[in-house]
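# Structure at a glance
Read off the chains here:
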Amino acid sequence: MKRIIAVALILSLLLTVLTGCNGSEEQEIDDEAVKAAILEEFNNITQIPRTTGHERAISTYLRTWAKDNGLDVVRDSSNNVIMDKPATPGYEKAPTTILQSNMDMALTVKDGVEFDPISTPVKIISQEDTLTGDGTSLGASSGIGMSTALYVLKYAQKHGPIRVIFTTDGEEGMSGAKKLKTKYLEGDYLINLGWNQEDTINTGSGGSASYEMIRKIEWTQPQNTLPYLITLSGLHGGPASKEIGNGSPNAIKIIGDILAKAQGQGILFELASFNGGVSAETIPEAAAALIVINESDQKKMQSIIDDAMDAFKGAYGGIEDGYSFTYAAAEMPDKVISFDDNGSIISFIYGIINGVQSMSKTYDDVVESATNIGLVSTASGNFACRVSAGSTSDVGLYEITTAHEAISSMCSMEYNVSEGIPRWPDHSKSKLFADISQAYSLYGGKPNAIITHQGSECGWFVKKNPKLQVISIGPEIENPDLPEEILKLKTVTLPAKTILKFLEQQKDLPAEIQ
C-alpha cells in the first residue's frame, strides 16, 4: 500500500504542474495530493503496534518525526508528545491553536482471527473508496487524527503559533490527558482530531462517574435439591459510552430480572453464584447465575424462564443474532448465599437503574444521561458490582449518583463513587466553532454541532484551562473500534484543508467567545 500511496502522490503532483487547471478540477487534484500525503503518514503509523498501554514505540516515532522536521518537541513522563511550530511572519499576534489526538488505538479482533496486538502491525485492506483492517479494527480515529496533525505541521504556510499534543491512553482511562501539565494547554483554541462524523462537529461531552457496591456474604449449606444454571451469552455488548444509546441489552439485568420475578412469584430459590460482565464501562455480553430450587417449583421456574426467553427473542432477536440463552441442570454447589443476602442482592440488581435515563432536549437523538451496570461477581466470596454513568448535564449525573446511592443503602451495600472524566461544556456558541464552520463550508456543506454523553479527553483540557475554546472534527468512520471499521477515503482531506484555511484566516484576530 505504501508504494500505491507514493505513486498516487507523485501522479497527483505531476498533474497539478502539467495541467495548470483551476476551478473544480484544480480542487479535485488538490484533494488527491492532500489525501495521498495524509495516507502516507497513516500507513507509517499503522506499522507501529499501539494498543492502549503500549504507546512507547509510537511516541518515539512522533518525537523523531518532530526532530526530523525541525520542530521543538517534548515527551513527558506519561509518553505524551508535544510539538511546537512558531507563527509565520505577520501572524505573530494570531491566536495560538492546539491540535490534539490520542496516539493509542482500541484493538478488536474478529472471532477466529489470531493476532498479537503487542507485536503485530495492523494489516490494511485498501479498496477504491475505503480502508479496512484485515480481521481487526483499523485505528482510524487516532491514526488519521495524528496523520492530519502531522500534515498540517508540515504544510501550513500562513498561521499563528501551532502546538500539537498527542496523548496516551485516550481509548480507555484517558490518563495521558489527565496527567498532561496545564502549561501545555496555554492557548486560545484546541481542535481535537478524533471525531468520526464528517457532517458534524463535536462541541461538547458529558462528565462521568464510576461506582462500586459491595456486600459481605454469609454462606450456608443448600437446603433445596435441584441445581440449575441460567446463562445468557454472545450479546454484542461493547463500550457503554458508544453503544448504550442503541438500546443494547444488558445480560446482567436480564438474568437479574428473571430471578426477581421468580422471587416475586414465591419461588424460594437459593443463589450459589452470580457473575457477569468485565468492567463498569462495558455493556455485559454474558452473565450466569447458579440457583438451587425445590422440586415443587420446577415447573413454575421453567415457565418463568420460557417467558423470559420468548420476550428476549421478541425484543432483541433481530438485533442480537449470535446469542445463547440456556437453562440447564447443573452440579450441586457446596454452599449457597444466605436467605437475607440472597434477597438483598436480587433486589439490588432489579432496582438499580440501567441504560438511557434522558435524551438531549437540544440535539436530536443524542443521549443526555445514561448508566451501565457493567460487572457483578460473587467469585471472591462477597458480592461486588461495578457501574459507570455519563451525562452532559451536571444535574443528570447527580440524579444518577443519588439513585445509585439510595438503592445501595436500601440493600445494605457498601457504596463508593469516583469522579471520572470532567464534563466538556457545549462550545457551539464559541468563535472557534463559528470560524471552523465557515472554513468547513468552503469545502462542503454547513456542519451541525453535536454533543455526546460519553466522556472525552477534551473534558480534561477544559478543566485545566477553562478559557480554552474546544471542538472536535474528523473524517467519516463507520463502526469505529470494531473489526468492521471502515474509513471513507473521500472524507480524509476535509479536516486538514479546513484547519489550514482556519489558520490562514486567524491573522490578528482576537480569540473571544461570542
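Residues numbered from 1 in each chain as written. Predicted model: local features only at pLDDT ≥ 70, side-chain atom pairs only at ≥ 80, totals over all residues. Heavy atoms only, no water.

## A look at the overall build of the protein chain
The helix and strand inventory of the protein chain stands at 13 helices and 23 strands. Since a compact globule built from 514 residues should have a radius of gyration of about 24 Å, the 26 Å found for the protein chain is in line with a globular shape. Dimensions of the protein chain along its principal axes, counting C-alpha atoms only, are 90 × 45 × 40 Å. The burial tally for the protein chain puts 51% of its 514 residues in the buried class. Excluding contacts between residues fewer than 6 apart, the proportion of contacts in the protein chain whose partners are at least 24 apart in sequence is 79%. When the accessible surface of the protein chain is summed, it comes to about 22900 Å², and 49% of that surface belongs to carbon and sulfur atoms. Here the protein chain carries 42 positive and 65 negative side-chain charges, and the mean point of each set is 7 Å from the other. (Helix = DSSP H or I, 4+ residues; strand = E, 2+ residues; numbered from the N terminus. Rg over C-alpha atoms; globule rule 2.2 N^0.38 Å. Buried < 20%, exposed > 50% of the residue type's maximum accessible area, 1.4 Å probe, protein only. Contact = heavy atoms within 4.5 Å. Areas by Shrake-Rupley, 256 points an atom, 1.4 Å probe, with all protein chains shown as cover. Lys, Arg positive; Asp, Glu negative; His and termini not counted. Charge placed at Lys NZ, Arg CZ, Asp CG, Glu CD.)

## Brief notes about empty space enclosed by the protein
Applying the stated rule across the entire model yields one cavity of 30 Å³ or more. Counted as a void, the largest cavity has a volume near 60 Å³. Considering the residues around the largest cavity, the lining is formed by 14 residues, among which I48, P49, R50, M105 and V122 are closest to the centre. (1 Å grid on protein atoms, 1.4 Å probe; cavity = no way out; pocket = protein on both sides within 12 Å on 5 of 7 lines; lining within 4 Å. Points joined across faces, edges and corners; volume = space filled by probe spheres on them.)

## A few points about the packing of aromatic side chains
Under the defined criterion, the tally for this structure stands at eight aromatic pairs. Ring plane angle 15 degrees and centroid distance 4.6 Å describe the contact between Y228 and Y327, whose orientation is recorded as stacked. Here Y228, found in strand β11 (residues 226-233), pairs with Y327, found in strand β14 (residues 324-329); they are 99 residues apart in sequence, far enough to count as distant. Of the two residues, Y228 and Y327, both sit in the buried class. Note on F312 and F325: the rings are 5.8 Å apart at their centroids and 85 degrees apart in plane angle, and the pair reads as edge-to-face. (Phe/Tyr/Trp six-rings, centres within 6.5 Å; stacked < 30°, edge-to-face > 60°.)

## So, the environment of A251
Within the element layout of this structure, A251 appears in helix α7 (residues 251-264). Distance in space between the C-alpha atoms of A251 and Y398 is 26 Å, their sequence separation being 147 residues. Discounting chain neighbours no more than four positions away, the residues touching A251 are L232, L235, P284, E285, A286 and A287.

## Describing the sheet that holds strand β22 (residues 477-478)
One open sheet holds the four strands; their spatial order is β4-β5-β23-β22, and the pairing between them is antiparallel. For this open sheet the edge positions go to β4 (124-126) and β22, each flanked by a neighbour on one side alone. (Pairing = 2+ DSSP bridges.)

## A few points about the nonpolar core
I230, L259, L271, F274, M301 and F348 are the most contacted members of the largest nonpolar core, which has 48 residues in total. When sequence neighbours within four positions are dropped, the list of residues in contact with M301 reads I230, I258, A262, I267, I291, I293 and Y327. Residues M83, V152, I436 and L494 belong to the second largest nonpolar core, which totals 41 residues. (Core = buried A, V, L, I, M, F, W, Y, C linked by side-chain atoms within 4.5 Å.)

## Some thoughts on the packing of α7 against helix α8 (residues 298-316)
α8 packs onto α7 with a crossing angle of 145 degrees between their chain directions and a minimal axis gap of 10 Å. When you trace α7 past α8, the crossing you get is right-handed. Together, I254, I258, K261 and A262 of α7 and M301, I304, I305, D307, A308 and F312 of α8 make up the contact between the two elements. Split into classes, the residues belonging to the contact of α7 with α8 amount to eight nonpolar, no polar and two charged. (Axes fitted to C-alpha atoms, helices over the stretch in contact; angles between N-to-C directions. Left-handed = near helix turned anticlockwise from the far one by under 90°. Nonpolar A, V, L, I, M, F, W, Y, C, P; charged D, E, K, R; others polar.)

## Focus on the side chain of D341
For D341, the position within the fold is in helix α9 (residues 339-351). For D341, a relative accessible area of 6% corresponds to the buried category. A distance of 2.6 Å separates a polar side-chain atom of D341 from the backbone nitrogen of E218. With residues up to four places along the chain from it excluded, the contact list for D341 reads R215, K216, I217 and E218. (Polar contact = N/O pair within 3.5 Å; in protein donor to acceptor, adjacent residues only side chain to side chain.)

## Describing helix α11 (residues 431-441)
Among the 11 residues that make up α11, eight are buried, leaving the element largely enclosed by the rest of the structure. Within α11, burial applies to K431, L432, F433, D435, I436, S437, A439 and Y440.

## Details of the confidence of the model for the protein chain
The predicted model of the protein chain averages 91 in pLDDT, with 93% of residues at 70 or higher. In this model, residues 1-29 is a region of pLDDT below 50 whose contacts with residues beyond four sequence positions or in other chains number 26 contacts. (pLDDT = per-residue confidence, 0-100.)

## Quick look at unusual backbone geometry
Positive phi, normally seen in glycine, also occurs at D169, with a value near 60 degrees. Mapped onto the fold, D169 is located in the loop between β6 (162-167) and α5 (175-179). Overall, the relative accessible area of 13% leaves D169 in the buried class. Its identity is not glycine, yet D481 carries a phi of approximately 70 degrees, on the positive side. For D481, the position within the fold is in the loop between β22 and β23 (486-488). Looking at D481, the relative accessible area reads 11%, which means it is buried.

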